Amino acid sequence: MAFEKTGPVDIVGFVSCGGCPGKRAVARAQLMVDRGAEVIFLASCISRGNPIGFPCPHFEMIKNAIIKKIGPDITLIDWTH
Ligand code: SF4
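Residues numbered from 1 in each chain as written. Predicted model: local features only at pLDDT ≥ 70, side-chain atom pairs only at ≥ 80, totals over all residues. Heavy atoms only, no water.

What follows deals with the overall build of the protein. Along its length, the protein carries three helices and two strands. Reading the protein from its N terminus to its C terminus gives the helix and strand order α-β-α-α-β. For 81 residues, the compact-globule formula gives about 12 Å, and the C-alpha radius of gyration of the protein, at 12 Å, lands near that figure. Looking at the protein as a whole, 30% of its 81 residues qualify as buried. Intrachain contacts of the protein at a sequence separation of at least 6 include 62% that bridge at least 24 residues. Carbon and sulfur atoms make up 58% of the accessible area of the protein, which amounts to about 5500 Å² in all. (Helix = DSSP H or I, 4+ residues; strand = E, 2+ residues; numbered from the N terminus. Rg over C-alpha atoms; globule rule 2.2 N^0.38 Å. Buried < 20%, exposed > 50% of the residue type's maximum accessible area, 1.4 Å probe, protein only. Contact = heavy atoms within 4.5 Å. Areas by Shrake-Rupley, 256 points an atom, 1.4 Å probe, with all protein chains shown as cover.)

Written out as structure tokens, the structure is:
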């Protein structure tokens, strides 16, 4: 689904947000970039609430903070499936 945009990938990291209100999300996204990530995905459980229809209430804040931290050279895709 969302990975159709990238083609085949090597996954360099798979992390949680660190707990409300996403207190480790920015640092962990940056860590993945430091380890070679060219794209950061935010899973659809955060942005869309899949599969139970309950999206993260801090989604926009987390997304914007990550974009600000990782800069324009890294793509952020805010859904997965
Ligand atoms: S609600 Fe959002 S900030 Fe809180 S734990 Fe879930 S994903 Fe993280």
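Once that is clear, we can look at the environment of Phe3. For Phe3, the location among the structural elements is in the segment before helix H1 (25-34). With relative accessibility at 34%, the residue Phe3 sits in the partly exposed group. Along the chain, Phe3 and Phe41 lie 38 residues apart, while their C-alpha atoms are 9.1 Å from each other. Not counting chain neighbours up to four residues away, the residues in contact with Phe3 comprise Val9, Phe41 and Thr80.

What follows deals with unusual backbone geometry. A cis amide bond links Cys20 to the next residue, Pro21, at an omega of 0 degrees. Within the secondary structure layout, Pro21 lies in the segment before H1. Omega for the peptide link from Asn50 to Pro51 comes to 5 degrees, which places this bond in the cis form. Along the polypeptide, Pro51 turns up in the loop between helix H2 (44-47) and helix H3 (59-70).

In the neighbourhood of the ligand, the contacting residues comprise Cys17, Cys20, Pro21, Gly22, Ile46, Cys56, Pro57, His58 and Ile62. Put simply, the ligand lies in the largest pocket. For the shell around the ligand, the class distribution of residues is seven nonpolar, two polar and no charged. (Near = heavy atom within 4 Å. 1 Å grid on protein atoms, 1.4 Å probe; cavity = no way out; pocket = protein on both sides within 12 Å on 5 of 7 lines; lining within 4 Å. Sits in = over half its atoms within 2 Å of the grid points. Nonpolar A, V, L, I, M, F, W, Y, C, P; charged D, E, K, R; others polar.)

Attention now goes to the pattern of salt bridges. Taken as a whole and judged by the stated rule, the model has one salt bridge. In this structure, the salt-bridge partner of Lys63 is Asp78, at a minimum N-O distance of 2.8 Å. Note that Lys63 is positioned in helix H3 and Asp78 in the segment after strand E2 (75-77), a separation of 15 residues in sequence. On the basis of relative accessible area, Asp78 is assigned to the partly exposed category, the value being 23%. (Salt bridge = Lys/Arg side-chain N within 4 Å of Asp/Glu carboxyl O.)

Just distances and angles here, no functional claims.
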